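Residue-level structure breakdown
Read off the chains here:
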Amino acid sequence: MTEKSNVEFSEREALFFHSTGRPGKIEIIASKPMATQRDLSLAYSPGVAVPVRAIAADPATAYDYTAKGNLVAVISNGTAILGLGNLGALASKPVMEGKAVLFKRFADVDSIDIELKTEDVERFIDAVELMEPTFGGINLEDIKAPECFVIETTLKERMNIPVFHDDQHGTAIIAAAGVINAALLTGRDMKSMKVVVNGAGAASISCTELIKALGVPNENVIMCDSKGVIYQGRTEGMNQWKSAHAVKTDARTLTEAVKGADVFLGLSVAGAMSQEMVKSMAANPIIFAMANPDPEILPPDAHAVRPDAIVATGRSDFPNQVNNVLGFPFIFRGALDVRATGINEAMKLAAAKAIADLAREQVPEEVAKAYGRSHSFGPDYIIPAPFDPRLMEVVPAAVAQAAMDTGVAQKPITDMAAYRDSLKARLNPTTSVLTSAYELAKANPKRVVFAEAEEEVVLRAAIQFRELGYGIPVLVGRDHVRDKLKELGVRDPDSFELHNSVNSPLVPEMVDLLYARLQRRGYLRRDCERMVNRDRNIFGSLLVKMGVADAMITGVTRPYGQTLREVKRVMDPAAGRTPFGIHVMVTKDKTVFLADTTVHERPSASELADIAEGTVAVARRMGHDPRVAFLSYSNFGNPPGAFLDNVRDAVKLLDQRDVDFEYEGEMTPDAALNPTVMKNYPFSRLSGPANVLVMPGLQSANISAKLLRELGGTSMIGPVLVGMEKSVQIATMSSNASELLTLAVLAAGGIAL
Ligand SMILES: NC(=O)C1=CN([C@@H]2O[C@H](COP(=O)(O)OP(=O)(O)OC[C@H]3O[C@@H](n4cnc5c(N)ncnc54)[C@H](OP(=O)(O)O)[C@@H]3O)[C@@H](O)[C@H]2O)C=CC1
Ligand SMILES: CC(=O)C(=O)O
Ligand SMILES: [Mg+2]
């Protein structure tokens, strides 16, 4: 077996990563404008006095007027930094900064690291307790056992916000999820499983408690520490937490304990497990070597002696990362959102179960891409990867629900479906923009042709389209598409409708139809036969034209212009319409529709006016109140130029058409979007910043859309093609499955017409 770490870096690189640019990994960004004197008056003195008085009168309003409700402290004293031991508070800072940014990246929880220079339990407790006003939650990290148990228990009693020791419970939750799935794969029952836990510290004690809560009997778990097996009657190096797990056994060393064991849970130090020990375990052994950064045994070494083993580590660079990063961001997200007073056992079990369940579902493409391999539930994929965006949707919701069920939620969620949508939108702002499209598609599921179903990325989108209930995918491709569906985890590939021109009974009718359209454009009947048989865009478009399907998605195998030409051989623009393309640019607090980004190189005045009207219709269907700006390098004729007439005439044309939306131009982007610059043009008919930007030509339009995406941290939907007789969406060749899915949903929901 050639198994090795798939991420390699040098020590120099790790130091460069941390020191380059702004040293460290975090910075603070203001969430309110700080540009003007008025902003300052509101943010600081005198305006700030108002929320101060409000909070003094009603402390709960701190959640409304400050960052408290979304702010978590990551607090350590550096006594057990990963598996590196007690290296002190300051040395723990890179890990704690890391945890803080993981909170932000994975669950949009704001977080700051705090390193306390003390090993005195009482001083530590007092320091943390005093910080209660600042934070919505406390995440304790890398504090060694047994002090960590006293610290956490005391703080939980004294504080009214969630206090959670990540190394204990975060780790236990993820390990439990992994054990549930590994047991399932190897046909094991919790009640008869024999488990050896190496380490008797923060992580081990909590993991052991949780797997016992899942049904593993007390006498089936042997725990070891640096002195060997913790057996009943042992006195050396003991404490009350270890004693609770002492068992009657003759085994005295890890080597003896692990003989015949089903499961090994390592939460100790690098290299604690030997190949000899692995060899002695039961058939299909489950080995979680979770010490960081270096595990008890490396996966290739374990597999070399036991190819039948399921092996997990705490690292990102091998399959099966059992690491608390899968838990703490999402657990706090759920707890904060219901303003839970604490994180109880029910919430932890709910998280473990949600994570375990997720691993058994189909893996989204972006996750497979992030890890450079495709995943499906099995020995190399027993647990989801941290980059899996579905974690954000399912884990916080499960935790929040459990908090509500157990009465610790101070602010229960009334609409769980809306909450799940809001969770998705936190990480991907386009999600909320697309809410109406998803709803429209689901309400009236349509048949959508996926013309390039031989492409894996397209199949992934089609599978999701069906699974999420957005409509019925109609696949175009050869028969082996069904094998691909199977490879992607579809149990019943035959339930997908697949059209193959080689054996489709529709071909003769298609040829007749195409020949009737093209004979006076110089095409012979045999040209049409060839096109129907060989060109999937022609074949797919004909399925739509003939009413076999309602809409189509294509574009990943050929350049945009070529695909559009092929589609147009079969389909016409909608009556009286000009087809064109829209890119929807989405930032956290703004959505802007940019058009025409794909079709007209130098649009005429009437085409520009049509583009404005067509874009307004799409913006409205997506729930926006449109304000149109016709963009230029000039504001109302200043500076003058040779190419401004089309734009100005388009505005005049709209005057004549008596449309029911705001529009103005020609104007520069700052005059269209920036309220301060807008003030220079008090006669402007726009009542606020524009959100539909009609571009003067294809060059500026297409370049702007791509520049914004590359430079501006802007998410993009599109290009969306509108104005055809039936909705046909042409993706770009680099589209991923979720982009294709979005376009299919826009087509199915009747948004892109
Ligand atoms: N993958 C993950 O998500 C996580 C992994 N971990 C890893 O778990 C390990 C322990 O962390 P944590 O519980 O916080 O630390 P603690 O300091 O609380 O506990 C360490 C434990 O390891 C035991 N130990 C040390 N050397 C050996 C050895 N050679 N054989 C057996 N046991 C040994 C110690 O024994 P004694 O009591 O005798 O001193 C102690 O019980 C670290 O490597 C850490 O990186 C921790 C949290 C999460
Ligand atoms: C992952 C983690 O928290 C640790 O190794 O300590
Ligand atoms: Mg830790």
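Everything here concerns the structure above.
Being a predicted model, the structure only gives us computed values, none of them experimental.

What follows concerns the site of ligand 1. Taken together, 26 residues lie around ligand 1, and Thr171, Ala200, Ala203, Ser226 and Lys242 are the ones closest in. Note that an oxygen atom of ligand 1 is positioned 3.0 Å from one of the backbone N or O atoms of alanine 202. Within the backbone of asparagine 292, an N or O atom sits 3.0 Å from an oxygen atom of ligand 1. Burial of ligand 1 by the protein amounts to 82% of the accessible area it has alone, namely 920 Å². Looking at the shell around ligand 1, the elements with two or more residues in it are α8 (166-185) and α9 (202-213). The residue makeup of the shell around ligand 1, split by class, is 11 nonpolar, 11 polar and four charged.

This brings us to the coordination of the magnesium ion (ligand 3). Coordination of the magnesium ion (ligand 3) by the protein involves Glu141 (OE), Asp142 (OD) and Asp167 (OD), with metal-donor separations of 1.9 to 2.1 Å. Taken in chain order, the donor set of the magnesium ion (ligand 3) reads E-D-x24-D. Each member of the pair glutamate 141 and aspartate 142 is classed as buried.

Turning to the site of ligand 2, a few remarks are in order. In the vicinity of ligand 2, the contacting residues are Leu82, Lys99, Glu141, Asp142, Asp167, Asn292, Asn323 and Asn324. With respect to ligand 2, the side chain of aspartate 167 contributes an N or O atom lying 2.9 Å from an oxygen atom. The protein chains hide 87% of the 210 Å² of surface that ligand 2 would expose on its own. Residues belonging to the shell around ligand 2 are distributed by class as follows: one nonpolar, three polar and four charged.

The next point concerns the sheet that holds strand β16 (residues 591-595). Pairing is mixed in the open sheet, where six strands are placed in the order β18-β17-β19-β16-β15-β20. Two strands lie at the open edges of the sheet, namely β18 (662-667) and β20 (715-722), each paired on one side alone. When the angles between neighbouring strand axes are averaged without regard to direction, this sheet yields 20°. Relative to β18, strand β17 (residues 627-631) runs parallel, the two being bridged by five bridges. The residue of β18 that forms the bridge with alanine 629 is glutamate 664. Set on the sheet, helix α27 (residues 605-621) makes contact with β15 (580-586), β16, β17, β19 (692-694) and β20; between it and β15 the angle comes to about 50°. Sitting on the sheet, helix α28 (residues 645-657) is in contact with β17 and β18, with an inclination near 160° to β18.

Rules used throughout
- Residues numbered from 1 in each chain as written.
- Chains lettered and ligands numbered in written order.
- Predicted model: local features only at pLDDT ≥ 70, side-chain atom pairs only at ≥ 80, totals over all residues.
- Heavy atoms only, no water.
- Near = heavy atom within 4 Å.
- Polar contact = N/O pair within 3.5 Å; in protein donor to acceptor, adjacent residues only side chain to side chain.
- Areas by Shrake-Rupley, 256 points an atom, 1.4 Å probe, with all protein chains shown as cover.
- Helix = DSSP H or I, 4+ residues; strand = E, 2+ residues; numbered from the N terminus.
- Nonpolar A, V, L, I, M, F, W, Y, C, P; charged D, E, K, R; others polar.
- Donors = N, O, S within 2.8 Å, 3.2 Å for Na, K, Ca; no water.
- Buried < 20%, exposed > 50% of the residue type's maximum accessible area, 1.4 Å probe, protein only.
- Pairing = 2+ DSSP bridges.
- Axes fitted to C-alpha atoms, helices over the stretch in contact; angles between N-to-C directions.
- Contact = heavy atoms within 4.5 Å.

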